[in-house]
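Examination of the molecular architecture
This is what each chain is made of:
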Amino acid sequence: MADKKAILKVDGIDEALELPVYEGTVGPDVVDVRSLTSKGLFTYDPGFMSTAATESKITYIDGAAGILLHRGYPIEQLAEKSDYLETCYLLIHGELPNAEQKATFVSTIKNHTMVHEQLSHFFNGFRRDAHPMAVMCGVVGALSAFYHDSLDIHDDHHRLVSAHRLIAKMPTLAAMVYKYSIGQPFMYPRNELSYSENFLHMMFNTPCDEKKISPILAKAMDRIFLLHADHEQNASTSTVRLAGSTGANPFACIASGIAALWGPAHGGANEAVLNMLAEIGDESNIDAFIAKAKDKDDPFRLMGFGHRVYKNFDPRAKVMKQTCDEVLSELGMLDDPLLKIAMKLEKIATEDEYFVKRGLYPNVDFYSGIILKAIGIPTEMFTVIFATGRTPGWIAHWNEMISSDYRIGRPRQLYTGHAKRDYPA
Ligand code: SDX
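Not measured: the values here are computed from a predicted model. Counting starts from 1 at the beginning of each chain's written sequence and moves along it residue by residue. The predicted nature of this model means local features are confined to residues of pLDDT at least 70 and side-chain atom pairs, given and counted, to a pLDDT of 80 or more, with totals for whole chains, interfaces and linings taken over all residues. By convention in this description, side-chain values take in all heavy atoms of the structure and omit both hydrogens and water.

**Regarding the packing of aromatic side chains**
In summary, the pairing rule links any two rings of Phe, Tyr or Trp, Trp by its six-membered ring, whose centres are within 6.5 Å, and it sorts them by plane angle into stacked for under 30 degrees, edge-to-face for over 60 and tilted for everything else. What the rule picks out here adds up to 15 aromatic pairs. Ring centres of Tyr195 and Phe225 lie 6.0 Å apart, and the angle between their planes is 80°; this geometry places the pair in the edge-to-face category. With Tyr195 in helix H8 (residues 195-204) and Phe225 in helix H9 (residues 215-227), the pair connects residues that are 30 residues apart, well separated along the chain. Exposed residues in this analysis have more than 50% of their type's maximum accessible area, buried residues have under 20%, and partly exposed residues fall in between, with area computed by a 1.4 Å probe over protein chains only. Its relative accessible area of 10% is what places Tyr195 among the buried residues. Positioned over the ring face of Tyr180 is Arg128, at 4.1 Å from the centre of the ring. The rule is short: NZ of Lys or CZ of Arg within 6 Å of the ring centre and within 35 degrees of the ring normal puts a charge over the ring. Stacked on the ring of Phe313, the Lys or Arg Lys318 has its end atom at 4.2 Å from the ring centre. By the criteria applied, helices consist of DSSP H or I runs no shorter than four residues and strands consist of E runs no shorter than two, each listed in order from the N terminus.

Structure, rendered in structure tokens:
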């Protein structure tokens, strides 16, 4: 696979070190540094800014050009022409399904949407006002208790059944998390409904009143899930891969991904965006918040702006903004005050030299919260929605790793602590 090489000259080592360089289909070449350990050297890259931790065929991001491909298909085309479950199939299997494969996949997912009845007892241990992500971490991890023994992660079929179970059950669990927080009874999934209709049914219907789900809201929900489905080696996906490299079962690995996603620098940003827009409260306050975001002595950052990889624009944000306009106009909410503040904030920030120079543009989280709020989802549930949408991506990466010649992930370090010293006599 090595078609190029890098020559490394290190003071104190006589011979120059020759390192293989690999080319991907697209994207930067990578230098294989595995041989450095035998020379007594490590590489140093906190935050993995310049480190490819794996080879992958699932998703490709070009941060400068604002390109996002899932198995080669641009996110803009999938958002327009595909749907969430078809994108799940694509991520896991590598190709778009034909009509028969899609029908079988949709039917299989439908038949896994219920959770074990005993799982509902797990909720009672949580306070009703617990953060939904705390509950989601707990109950998804608890799925391990129901499938651990029947699962051989080295069996392709067992891995596929786990993938189906997780994709199918995440919306059911997410809706249960919400219902528990408001003291309403859990709603069972309905097999006659589509994936996103079913989720909104379980979220907002009650045993006393089962309304028809608005197709506008169902389509917006499906688009939200699709735009969150995968994003290469982001922090939560890398967490799932690292947990999976120990041989942990997939339910525990996905629970670790949910925990990592919770942080406000990552998936928790969508909740933080809405809280920030509410705190701004009026367009007249925007300049003060921009100043705070630029102030090095102030930890405040403009939530929903910036990205580790996208330094031009996040293509998902563009589709999300278009979806936001469609949903709010179809719902007659274009005068939503938070949307007006968001649009003014985006205009000011993307013309401000501080943000432009640092490549800080709206990311996927900037507009998603406004759509979720219009659908009726409470702010503290936003990251649970993100975790639900990201599940196929986490599973696809876990499956790709387990199916490959993987080794347990175990980074090294630059040690700057005490040298060996003796315990005082
Ligand atoms: C997601 O990785 C993924 O793919 C993630 C994700 C996915 O789908 O999985 O895309 C989802 O997590 C999107 C990002 C959501 N997070 C936010 O919106 C929170 C706000 N954004 C920042 O926390 C930040 O931009 C990050 C964490 C997203 C990226 O951080 P980096 O790449 O480590 O950038 P950095 O912290 O080194 O910042 C570079 C400069 C710094 O200023 P200088 O030291 O150069 O003067 O930009 C500044 C930062 O202070 N900066 C910001 C800022 N983000 C970066 N300043 C103000 N507001 C911000 N939002």
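So that's the structure; there's more coming.
**Looking at the packing of H9 against helix H18 (residues 382-402)**
The geometry of H9 relative to H18 is characterised by a closest axis approach of 7 Å and an angle of 70° between their N-to-C directions. Considering the angle they form, H9 stands roughly perpendicular to H18. The element H9 and its partner H18 pack so that their crossing is right-handed. Along its contact with H9, which presents Met221, Ile224 and Phe225, the element H18 presents Ile385, Thr388 and Gly389. Throughout, the ten residues Ala, Val, Leu, Ile, Met, Phe, Trp, Tyr, Cys and Pro are labelled nonpolar, Asp, Glu, Lys and Arg are labelled charged, and all others, Gly among them, are labelled polar. Residues of the contact of H9 with H18, tallied by class, amount to 4 nonpolar, 2 polar and no charged. Orientation is described by axes fitted as lines to C-alpha atoms, over the contacting stretch for helices, and by angles from 0 to 180 degrees between their N-to-C directions. Throughout this description, any angle smaller than 35 degrees is read as roughly parallel, any larger than 145 degrees as roughly antiparallel, any in the 65 to 115 degree range as roughly perpendicular, and the remainder as oblique. Handedness of a crossing follows from how the near helix is turned relative to the far one, being left-handed for an anticlockwise turn of less than a right angle and right-handed for a clockwise one. For this analysis, residues touch if any pair of their heavy atoms sits within 4.5 Å.

**What to know about a positive patch on the surface**
Patches were defined on residues exceeding 30% relative accessible area and lacking a salt bridge, with like-charge contacts within 9 Å and nonpolar side-chain contacts (Val, Leu, Ile, Met, Phe, Trp, Tyr) within 5 Å. Throughout, the Shrake-Rupley method with a 1.4 Å probe supplies accessible areas, and for residues the shown protein chains are the sole cover considered. For salt bridges, the criterion is a side-chain nitrogen of Lys or Arg within 4 Å of an Asp or Glu carboxyl oxygen. When charges are counted, neither His nor the chain ends are considered; positive counts come from Lys and Arg and negative counts from Asp and Glu. A single reference atom marks each charge: NZ on Lys, CZ on Arg, CG on Asp, CD on Glu. Together, Lys296, Arg301, Lys357 and Arg358 make up a positively charged patch on the protein surface. Note that Arg301 resides in the loop between helix H13 (286-294) and helix H14 (315-330).

**Re the sheet that holds strand S4 (residues 59-62)**
In this analysis, strands are considered paired if DSSP registers two or more bridges between them. Strand order in the open sheet formed by 3 strands is S4-S5-S6, and the pairing between neighbours is antiparallel. In this open sheet, the two strands that pair with only one neighbour each are S4 and strand S6 (73-74). Sheet analysis places strand S5 (residues 67-70) next to S6, joined by 2 bridges and oriented antiparallel. By the bridge assignment, His70 is partnered in S6 with Tyr73.

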